[in-house]
Each structure stands twice: as C-alpha cells, then as structure tokens.
Amino acid sequence: MKEITTILFPTDFSESAQHAFKYCLWLADKYNAHIRLLHVIYPEYEAMDLPVVATQATRAKINAAKEALQAFIDMGKAQGKAEGFGEAVEIITDLEIGGPVNAIVQVAERDGADLIVMGTRGEHNALERTFGSVTTGVVGRSRCPVWVVPEYAVKRDIHVAVYASNLADCDPYYIWKVGKMLEPFSPVLHCVHVNMDGSVERVLDFADLGAIFAQKVPTLQINFQTLEGDTVTEAIEEFADNYDADLVIMLSPHYGWVEGLFHRSQTRKMALHTRVPLLVLKEKE
C-alpha cells in the first residue's frame, strides 16, 4: 500500500476547521507527511454581467485569504507545539477559485493527495447536521480516503478502531489496507457487521472472513463481531460508545453507499458520537 506522504486539508477558517487542523497536524506528525492547506474562494460576479468575474473583488478576496491562511497556520502550529507535535510539519498553501467540492476533489487528484482531512460542524446527535454538504460531497466523489474530524473530536492516540463491514467481496483487501494505514497507532481493530435480517448464513460468512485473518494478522490486534440492531447506524453508534472508539472506518462503494447513509431519510440518529472521527475509504470501480 502507498505510504501517506501528502495530506490535503481544506479550510474555511472556521473554528471547527481550526480544531480539525490541529488534529491534522498530529496525523501528519504520525505519518511524517506534509500538508497541503487549501482554501477555495467563490468568485465574485458583476450584477449586470453574470458571466464576467468581478476581477477586483475576487483579487481582494485572494489577498485577504493569503493573510488568513498564514494566521490559520500560525494558530495551529502554536496549539500543536503546546502539546508537543506538528512543529516540523511542512505546510504548503494553495488558493483556488470555484466551487468547494469540485476544487477539493480536483486538487486532491492533481497533487496526488494520499488522504483528505476535513473538519465538520457538529450539533447534537444528528448525522446530517454533523456532515455538511461540502464534506458529504467530497466523501462521495473523492478517490482517496477522507478522514472526517467532527467539531468536538478529541485528539488522542488511536487505541480502538471500528471497521464497519457490509460483507462486500473486497472486505479482506480493505481490512488489510486499514491495518496498514493504522500501523503508526497499533490499535485494537474491531471489524463489525450489523446482521439486519438475522440470517445465519450472513453470520457464518462473517466468521469465514475472520478466519482469513486468523493466521495473517496485520501489526495490530484484530477481531470480528456480529452486531444486532434496528438500524446499522444505531448498532455502530452503540458499539463505538461501549468500546470507547477513537476512530470508525467505513467503505464507500463507487455508487455512493456512504453518501446515501448520510441522507436524512435513511438516518434516524447519528452513527457515531460527535467526538469520534470517521475514516471513509472509497471502493475502487
């Protein structure tokens, strides 16, 4: 698996983004990676001539963003230094003009980002409030992993991680991939499957998946458990809470399974506590 050397961090300079940037600095320290700090600027348009970009107004935004980027970095570095990390992390800044989702995805592909880290605003326990439209759009379209940092997530070592399996044929590969990604942390990895239909066959299938790793365990402790619950999100939420999880990992098939999971009609309560970051891996087409 390719090492994580380039982390893309989009920012809107909000308080939640500042919080997530500190988390991102910590990750970059762990991976010995550099950060590409991206801010996307909406272009200004003349009221009477919509197709024409209002150059002067846009340039003013660019100049203000340059100053804000440096202040953002200084704040994050100071916070990281106070906690003993991030001081030596290389940070490259980038300003792009356009729509946030398109720009983030395009920059990630252009610059060969190995990971996108994004902050989100959280409110109460509603998943659709925790994951804003930009984050959801990036999760749905990004080809590289996206590490989502909720607003009130606590930065700490990853001792317990939860991989939510939907028993896809590619699960063994992605469990191995997760194991490699988490090597710097050496956590306990709980692979869980929510058995919605009570099928014995599905439970046996999951047991077989566990047997694959019985003799070839990555450099972390790994176990497999079948969960019961009214919904996938409720079962994962309860499990993550009971085991005090530091990270939850989900696989997003190319047809947008995770994006669909975030939709209001399919989610009655949030899948995770707002303090738990979420790592989304995109299944290859």
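Summarised in this report is the structure supplied together with it. One numbering rule holds for all chains: residues counted from 1, following each sequence as written. For this predicted model, a pLDDT threshold of at least 70 governs which residues receive local features, and a threshold of 80 or more governs which side-chain atom pairs are given and counted, while totals over whole chains, interfaces and linings are taken from all residues. Side-chain metrics in this entry use all non-hydrogen atoms of the structure; hydrogen atoms and water are not considered.

Description of the pairing of strand 9 (residues 188-194)
Stage number 1. Most of strand 9 is tucked away: six of the seven residues are buried.
Stage number 2. In this description, strands pair whenever DSSP reports at least two bridges between them. The secondary structure listing takes helices from DSSP runs of H or I that are at least 4 residues long and strands from runs of E that are at least 2 residues long, numbered from the N terminus. Looking at chain direction, strand 9 and strand 10 (residues 221-227) are connected through seven bridges and run parallel. Its bridge partner being in strand 10, valine 194 is matched across the sheet by leucine 227. Each residue's exposure class comes from its accessible area (1.4 Å probe, protein chains only) as a fraction of the maximum for that residue type: buried when under 20%, exposed when over 50%, partly exposed otherwise.

Side note on the packing of aromatic side chains
Stage number 1. Side-chain rings of Phe, Tyr and Trp, where Trp is taken by its six-membered ring, are said to pair if the distance between their centres is within 6.5 Å; with planes under 30 degrees apart they count as stacked, over 60 as edge-to-face, and otherwise as tilted. For the structure shown, the criterion picks out 11 aromatic pairs.
Stage number 2. Consider the rings of phenylalanine 21 and phenylalanine 72, whose centres lie 5.0 Å apart with planes at 40°: the pair is tilted. Taken together, the residues phenylalanine 21 in helix 1 (residues 15-31) and phenylalanine 72 in helix 2 (residues 55-82) connect sequence positions 51 residues apart.
Stage number 3. By relative accessible area, which is 0% here, phenylalanine 21 ends up buried.
Stage number 4. Phenylalanine 72 gets classed as buried once you look at its relative accessible area, which sits at 4%.
Stage number 5. Note on phenylalanine 239 and tyrosine 243: the rings are 4.2 Å apart at their centroids and 20° apart in plane angle, and the pair reads as stacked.
Stage number 6. A residue is classified by how much of its surface remains accessible, and phenylalanine 239, at 6% relative accessible area, is buried.
Stage number 7. Looking at tyrosine 243, the relative accessible area reads 35%, which means it is partly exposed.
Stage number 8. Each residue in the set Tyr23, Trp26, Tyr31, Trp147 and Phe185 is aromatic and connected to the rest through ring pairs, giving one cluster.

Topic: the environment of serine 14
Stage number 1. The topology assignment puts serine 14 in the loop between strand 1 (6-10) and helix 1.
Stage number 2. The definition of a polar contact used here is a pair of N or O atoms within 3.5 Å, where within protein one atom must be able to donate a hydrogen and the other to accept one, and adjacent residues in sequence count solely through side-chain atom pairs. Separated by 2.7 Å, the side chains of serine 14 and aspartate 12 make a polar contact.

Points about the environment of valine 149
Stage number 1. Structurally, valine 149 is set in strand 7 (residues 146-149).
Stage number 2. Every residue pair with non-hydrogen atoms within 4.5 Å of one another is taken to be in contact. With sequence-adjacent residues up to four places away left out, valine 149 is seen in contact with His19, Ala20, Tyr23, Val117, Met118, Gly119 and Thr120.

Quick look at the nonpolar core
Stage number 1. Among buried residues, those of type Ala, Val, Leu, Ile, Met, Phe, Trp, Tyr and Cys that are joined through side-chain atoms within 4.5 Å constitute a nonpolar core. Counting residues in each nonpolar core, the largest one holds 45 residues, and the members touching the most others are Trp147 and Ile249.
Stage number 2. The dominant element in this core, judged by the number of residues it contributes, is helix 1, at 10 residues.
Stage number 3. Setting aside its immediate chain neighbours within four residues, isoleucine 249 contacts Ala161, Val162, Tyr163, Ala164, Val178, Leu182, Leu189, Leu279 and Leu281.
Stage number 4. One finds Val146, Ala164, Ile236 and Val280 within the second-largest nonpolar core, a separate group that totals 33 residues.

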